[in-house]
Amino acid sequence: MDREETEKERTDRQLIELLTELRVALPGSQILFGFLLTVPFATRFGRVDRTERAALFVCLLLTAVGTALLMAPSVYHRLRWGRGGKGDVIQVAHRFFLAGSACLAAGIVVAVFLVGDVLFGIVAGIVAGCAVAATVALTWYAMPVMRSRMPAVRDRQ
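Residues numbered from 1 in each chain as written. Predicted model: local features only at pLDDT ≥ 70, side-chain atom pairs only at ≥ 80, totals over all residues. Heavy atoms only, no water.

J.: So what's going on with the overall build of the chain? Which residues, and what values?
T.: Helix and strand counts for the chain come out as five helices and zero strands. Relative to the 2.2 N^0.38 estimate, which gives 15 Å for 157 residues, the radius of gyration of the chain is 19 Å and therefore markedly larger than a compact globule would have. The principal-axis extents of the C-alpha atoms in the chain amount to approximately 60 × 40 × 15 Å. Across the 157 residues in the chain, those meeting the buried criterion constitute 31%. Considering only contacts within the chain whose residues lie at least 6 apart along the sequence, 70% involve residues at least 24 apart. Separation between the mean location of the 18 positive side-chain charges and that of the 13 negative ones in the chain comes to 6 Å. (Helix = DSSP H or I, 4+ residues; strand = E, 2+ residues; numbered from the N terminus. Rg over C-alpha atoms; globule rule 2.2 N^0.38 Å. Buried < 20%, exposed > 50% of the residue type's maximum accessible area, 1.4 Å probe, protein only. Contact = heavy atoms within 4.5 Å. Lys, Arg positive; Asp, Glu negative; His and termini not counted. Charge placed at Lys NZ, Arg CZ, Asp CG, Glu CD.)

In structure tokens, the structure reads:
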């Protein structure tokens with residue numbers, strides 16, 4: 001069924017969809033970021049080696065940037081509120097969302113590597129991190145891109 005909508009209706013719908021997606025992504029990034037902020041203060045943290053400390057710091061930075069980018073569309077929208085340009089808001093927010101998701105994905109991979117390394121050694125950390133990276137790459141990026149190129153899937157929208 002083809003959906004007939006005006007440009008304004010489409011823009012409004014796209015904005016609502018984007019904000020809904022952000023509501024799903026943000027809590028996870030904020031929880032991970034909050035946890036990462038507490039790790040250095042844990043009793044056992046003094047026992048981690050230089051590689052693990054570096055991994056934690058990289059993970060913290062990736063998660064902080066990812067969280068900031070995921071929050072950016074709401075702030076951008078709010079600052080543009082009432083000044084028109086909703087199409088611009090959607091385009092910019094779309095880019096922020098994708099960049100934030102990529103940073104968050106990298107942060108998750110590094111966090112899994114770090115936990116695997118601390119618990120079972122560097123090989124386990126690398127294997128676990130690679131498994132998560134492959135899962136994220138496939139489900140977050142490759143699958144949607146591949147399916148959007150399939151005429152049967154694209155035409156059903």
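J.: An account of helix H4 (residues 122-148) is needed here, citing residue identities and associated values.
T.: Taking 1.5 Å per residue, 27 residues should reach 39 Å; H4 reaches 37 Å between its end C-alpha atoms and fits that length. At Ala142, H4 shows its maximal kink, close to 40°; a proline, Pro144, follows between one and four residues later. For H4, every residue scored as buried is listed here: Gly125, Gly129 and Val136. (Expected span 1.5 Å × (residues − 1). Bend = angle between axes of the 7 residues up to and from the residue.)

J.: Help me get a handle on the environment of His94, residues and values and all.
T.: Within the secondary structure layout, His94 lies in helix H3 (residues 86-120). Since its relative accessible area comes to 44%, His94 is described here as partly exposed. When the C-alpha positions of His94 and Val58 are compared, they lie 25 Å apart, and in sequence the two are 36 residues distant.

J.: Explain helix H2 (residues 50-80) to me, using residue names and the numbers behind them.
T.: The first and last C-alpha atoms of H2 sit 44 Å apart over 31 residues, in line with the 45 Å expected at 1.5 Å per residue. The largest bend in H2 comes to about 35°, at Ala72, with the proline Pro73 one to four residues further on. The complete set of buried residues in H2 reads Glu52, Ala55, Leu56, Cys59, Leu60, Thr63, Gly66, Thr67, Leu70, Ala72, Pro73 and His77. In this structure, the buried residues of H2 make contact with helix H1 (7-38) and H3. Of the residues flanking the start of H2, the one acting as N-cap is Asp49, its side-chain oxygen 3.1 Å from the backbone nitrogen of Thr51. (Polar contact = N/O pair within 3.5 Å; in protein donor to acceptor, adjacent residues only side chain to side chain.)

J.: Tell me what's going on with the pattern of salt bridges, and back it up with residues and numbers.
T.: Applying the stated rule across the entire model yields five salt bridges. A salt bridge links Glu5 to Arg13; the nearest nitrogen and oxygen atoms lie 2.6 Å apart. As a salt-bridge pair, Asp88 and Arg80 come within 2.3 Å of each other at their nearest N and O atoms. The exposure class of Arg80 is partly exposed, given its relative accessible area of 23%. Bridged by salt links that share partners, the residues Glu5, Arg13 and Glu17 form one connected network. (Salt bridge = Lys/Arg side-chain N within 4 Å of Asp/Glu carboxyl O.)

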